[in-house]
Every structure is written in C-alpha cells, then in structure tokens.
Amino acid sequence: MPAKELFAADLIRRLDAPDAPAPLVQALAQDFAGGRFPDPELALNGLRAALAAAAETAALAGENETLQQVAALNAAGDRAAAAALLEDATEEPLLSAAFRQDRLCNAPERAAARQIARLKAAAPAGGVFRATVDLLYEKLEAGEKAGDPFDMLLALELAKALYKRAKGGELGQAQTSLGNCHQIIGQFRPGRKHLDLAAELFTAAAKAVARTKQPENWAFSQHNLGGIHELIGLRHRDEAMLKKAIKAYSAVLEVFNSQGSPMEWANSTAARANVRAALGRMTGDAALIETAMADLDAVLEVLKQEDHPAEWASAQATRALARRHLAEVTGDATPLPAAIAEFEAADAVLAGLDVPAERARLQHNLGLTALALARALPASDGAARAHQAFAAALALGRRDHADYRWAESLTGLGEVALLRGDKAAAQAHLTEAQAVLALDPASAALEHCAALLEKIEA
C-alpha cells in the first residue's frame with residue numbers, strides 16, 4: 001500500500017469516530033495524509049476540526065433547505081458540490097457555513113479572500129489593514145496553540161494578502177506579520193524553507209526602521225531577527241546563525257536596560273543566554289556557558305515569580321538547561337542535580353498556567369538531564385526520574401513543533417529502557433519514534449534514534 005494510503009488509514013484508525021460519515025472521513029483523511037504538514041498529530045488535529053465543522057453545519061441546518069443540501073453532500077463526501085451552494089453567501093447562516101466549508105475543502109486561500117471581503121464590509125474606512133492584522137494573529141495564535149494546520153495556513157494567506165497590498169508605513173508591519181507566519185509554520189514543518197523566508201522578511205523589516213528615529217521599534221525588529229536566527233541555529237546546529245542571534249539580542253540590549261524596561265531587557269537577556277549556552281555546548285566552550293548562567297542569574301534577580309510567573313519559569317528552565325550543557329562540556333556531573341531541581345521548580349509554576357507545550361518542552365529537557373545523571377551515576381535515581389519526565393512530556397500532548405519533540409521523548413524512553421537492559425521496550429519506543437522522525441530525513445534526532453536501534457540489533 002502506498003505511503004499516503006497507509007497514512008490515511010492510520011489517521012482513520014486513530015480518529016476512532018464510528019458515527020462520522022465514512023465517505024467524508026475517507027476524503028478528509030486523504031487530504032491530510034498528503035497535506036503540507038507531515039506530522040501525523042497535526043494531520044489528526046486537522047481531520048478532527050474539519051469533521052467538527054461539518055457536524056456544526058448539519059446541526060444548524062434546521063429547516064434551511066440550502067444547509068440541509070450542504071450537510072447531505074458533505075456526508076456523501078462531495079465537499080466541492082457543497083461549497084458551490086455556498087459560494088455567493090453574504091448573509092447568515094449561510095456565510096458562517098461558507099467559512100466552515102472552506103475548512104472542509106482545505107481551502108485557506110478562499111477562506112482568506114472571504115474573510116477580507118467581510119472585513120471590508122464591516123471595518124471603518126482605512127481600518128481594513130489593522131483589522132486584517134488582528135485577525136491573522138488571532139488565527140495564527142489559535143493554530144499554534146491547538147496544532148491546527150488550517151488556522152495557520154489561513155493566517156499565512158491573510159498575511160500574504162496584506163504584504164501584496166501594503167504601501168508606505170504599512171510595509172514593515174506586513175513584512176513582520178508575514179515573517180511571523182512563516183516562522184510559526186516553519187516550527188511545525190521539517191526543513192528550512194519557511195524559516196529562511198521568515199529570516200528574509202525580518203531582515204527587510206529591520207532595515208526599514210531607523211534606530212535614531214524609532215529606537216524601540218528598531219529594538220523589537222532586532223529581537224525578531226534574534227528569534228529566527230536562534231531557531232534556525234538550534235534546529236540545524238548552525239553556529240553562524242547562533243552567532244547572528246547573539247548579535248541581534250545584544251543590539252536589543254543597547255536600547256533596553258533593566259531599570260527602564262525590565263521586561264524587554266529580561267526577555268532579550270534570557271534569549272541571548274539560551275543561545276550562548278547552546279553555542280557553548282556546540283563548540284565545547286564552558287566559559288560561554290558560564291557567561292550565559294551569569295546572565296540568567298541577573299534576569300532572575302529582576303523578575304519576580306509572583307508578578308511574572310511564566311517569564312520567571314522560562315528563565316529558571318533556561319538556567320537549568322545551561323547547567324546540563326555545562327555538565328556535558330566539562331564531563332562533571334555535579335551541576336545535574338541542581339539542574340533537575342530548577343526544572344522541577346519551573347514546572348511547579350507552569351503547572352498553574354495553561355501552557356501544555358511549554359511544560360512538554362520542560363519535561364523533555366528534564367528527562368534528558370535525568371538521563372545524563374543516570375549515565376554518570378548509575379546508582380542514582382536518574383533512570384527512574386528520566387522515565388517519569390519523558391512520560392509526562394508525552395502525557396502533556398504528542399505535539400510540539402516540527403522537530404517532533406514528542407517523538408524525541410519516545411527516543412528518551414527507549415534510552416531509559418536500554419539503560420535498564422529492557423531491549424524489547426527500547427525497540428518498541430525507538431521504532432515508533434523513528435517512523436515519525438523519518439519525516440525529516442536530515443534531522444540529527446533521526447540519526448540518533450537509528451543509531452540506538454542499530455545498537456539493539458547488533
């Protein structure tokens with residue numbers, strides 16, 4: 001059976017929705033199996049959201065003959081014919097049904113055009129640009145949080161339309177908005193295409209802002225540059241990109257200081273510290289990691305946990321990660337227990353917030369730290385703590401951007417099983433992880449997972 005057919009069949013199996021119309025389920029599964037987001041979790045999210053849209057239209061049909069026909073055509077799997085009935089909808093309830101049908105047809109371009117037409121009819125003169133910016137960020141944030149492919153692509157199409165029509169002072173905002181869309185989508189997809197596009201757009205936006213005339217806007221544009229260079233550098237282990245990120249974050253700190261702008265200073269200082277620690281690990285430079293830790297100590301002196309819990313927890317977790325990097329570079333396991341304690345303190349704060357993806361990342365890094373402790377000190381409880389953390393990361397959600405962190409957590413469980421001598425469990429975890437990591441053939445995570453499997457089979 002071709003790979004796409006296998007993917008679609010697995011989606012239907014995991015959907016577990018026996019009451020959903022089979023023709024519609026089959027058609028949608030085929031769409032998502034061949035869609036632009038290869039992560040099976042995102043595909044499943046998209047399938048569920050589309051089925052929910054179809055169910056809503058059917059539930060609201062009532063005595064409306066057009067909606068009844070739309071619902072019947074959708075149930076039969078003929079989404080295009082259903083969309084044709086709603087093509088010229090301008091009033092409720094058909095207009096809302098048309099928006100839902102755009103999702104069912106996986107047509108973000110059509111949805112964007114429809115949304116912009118609605119905004120033109122409702123927004124005051126000159127307000128369409130601002131209203132479109134607000135809408136695209138609403139969709140982008142919702143798509144990122146829920147792992148919803150359609151909302152992310154809808155935001156991208158809205159941003160493309162803005163960029164195409166932007167003039168004068170609107171151009172920088174349009175470039176930044178489009179860059180943000182590419183960056184978020186790039187986080188959910190393998191490869192560098194979207195990330196490199198985001199870097200180009202952020203660079204162009206930054207060049208358009210004069211530091212002397214608009215120092216704060218210039219600093220924010222530099223922070224955007226730092227963020228995209230950091231993301232590319234970390235994902236692709238690109239030292240040059242990490243150095244660019246450090247330069248950009250340092251530029252931000254020429255404008256913001258801890259007295260006048262404590263939050264902006266803290267965010268950029270912590271971000272720069274994270275990059276410095278990662279670069280120090282990559283190059284074996286312990287002094288650079290120690291500099292990063294000193295920066296994070298300063299950030300934690302300024303941030304108050306009770307006032308800024310999310311930012312405090314992020315800085316605490318970043319310092320814990322730096323400690324692990326230091327242990328790896330020096331070969332000294334001494335910092336690892338302190339790192340584990342810091343991860344746990346940060347997680348205790350995040351547990352009170354609605355941030356499952358952030359907690360999943362933290363638990364994954366906690367698992368890696370405990371795994372390092374288990375290797376260095378076999379008599380410790382590192383293996384048990386690592387297993388607990390990786391399992392917690394998976395329980396928080398099997399999705400975290402296109403590096404497929406959840407699959408890497410499965411790899412972590414495989415490593416714990418190997419440490420315990422349980423080859424059967426290790427092979428099960430690693431085989432499942434490999435199937436997902438293979439979506440990005442160039443990833444170091446796939447290489448690591450494959451090496452572990454070879455070790456079992458040797």
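**Remarks on the pattern of salt bridges**
Note that side chains of opposite charge can pair when their charged atoms are close. Scanning the entire structure with this criterion turns up 25 salt bridges. Notably, a salt bridge pairs arginine 272 with aspartate 295, separated by 3.6 Å at the nearest N-O pair. Taken as a pair, arginine 272 in helix 14 (residues 262-283) and aspartate 295 in helix 15 (residues 286-302) lie far apart in primary sequence, 23 residues in all. For glutamate 415, the salt bridge identified is with arginine 375, shortest N-O distance 2.5 Å. Of this pair, glutamate 415 sits in helix 20 (residues 405-419) while arginine 375 sits in helix 18 (residues 356-376), placing them 40 residues apart in sequence. Overall, the relative accessible area of 47% leaves arginine 375 in the partly exposed class.

**What to know about the side chain of histidine 364**
Tracing the backbone through its elements, the reader meets histidine 364 in helix 18. We classify histidine 364 as buried; its relative accessible area is 3%. Setting aside its immediate chain neighbours within four residues, histidine 364 contacts Phe390, Ala393, Arg405, Glu408 and Ser409.

**Brief notes about the layout of surface pockets**
Size it by volume and the second largest pocket reaches roughly 450 Å³. Taken together, 19 residues make up the lining of the second largest pocket; nearest its centre are Gly172, Gln173, Thr176, Val209 and Asn217. Of all the secondary-structure elements, those providing two or more residues to the lining of the second largest pocket are helix 10 (170-187), helix 11 (193-207) and helix 12 (215-236). Ranked by residue count, the leading element in the lining of the second largest pocket is helix 10, at six residues. Here the residues of the lining of the second largest pocket sort into seven nonpolar, 12 polar and no charged.

**Topic: the nonpolar core**
Counting 61 residues, the largest nonpolar core has Val299, Phe343 and Leu437 as the members making the most contacts within it. No other element matches the nine residues that helix 16 (residues 309-330) contributes to this core. Phe129, Ala174, Ile184 and Leu201 belong to the second largest nonpolar core, which has 30 residues in total.

**Points about the packing of helix 9 (residues 149-165) against helix 10**
As a packed pair, helix 9 and helix 10 sit with axes 9 Å apart at the nearest point and diverge in direction by 155°. Between helix 9 and helix 10, the interaxial angle falls into the category roughly antiparallel. In this structure, helix 9 crosses over helix 10, and the sense of that crossing is left-handed. Counted together, Met152, Leu153, Ala155, Leu156, Ala159, Lys160, Leu162, Tyr163 and Arg165 of helix 9 and Glu170, Leu171, Ala174, Gln175, Ser177, Leu178, Cys181, His182, Ile184 and Ile185 of helix 10 form the full contact between these two elements. Split by residue class, the contact of helix 9 with helix 10 holds 13 nonpolar, three polar and three charged.

**So, helix 8 (residues 128-146)**
In a regular helix each residue adds 1.5 Å, so 19 residues correspond to 27 Å; helix 8 covers 27 Å between its end C-alpha atoms and thus fits that length. Along helix 8, the residues classified as buried are Phe129, Thr132, Val133, Leu135, Leu136, Tyr137, Lys139, Leu140 and Gly143. In the core, the buried residues of helix 8 are packed alongside helix 7 (108-122), helix 9 and helix 10. Directly beyond the C-terminal end of helix 8, a positive phi value near 65° is found at glycine 147.

Here is what the cut-offs are and how they apply
- Residues numbered from 1 in each chain as written.
- Predicted model: local features only at pLDDT ≥ 70, side-chain atom pairs only at ≥ 80, totals over all residues.
- Heavy atoms only, no water.
- Salt bridge = Lys/Arg side-chain N within 4 Å of Asp/Glu carboxyl O.
- Helix = DSSP H or I, 4+ residues; strand = E, 2+ residues; numbered from the N terminus.
- Buried < 20%, exposed > 50% of the residue type's maximum accessible area, 1.4 Å probe, protein only.
- Contact = heavy atoms within 4.5 Å.
- 1 Å grid on protein atoms, 1.4 Å probe; cavity = no way out; pocket = protein on both sides within 12 Å on 5 of 7 lines; lining within 4 Å.
- Points joined across faces, edges and corners; volume = space filled by probe spheres on them.
- Nonpolar A, V, L, I, M, F, W, Y, C, P; charged D, E, K, R; others polar.
- Core = buried A, V, L, I, M, F, W, Y, C linked by side-chain atoms within 4.5 Å.
- Axes fitted to C-alpha atoms, helices over the stretch in contact; angles between N-to-C directions.
- Parallel < 35°, antiparallel > 145°, perpendicular 65-115°, else oblique.
- Left-handed = near helix turned anticlockwise from the far one by under 90°.
- Expected span 1.5 Å × (residues − 1).

Remember that the coordinates give geometry; whether it matters functionally is a separate question.
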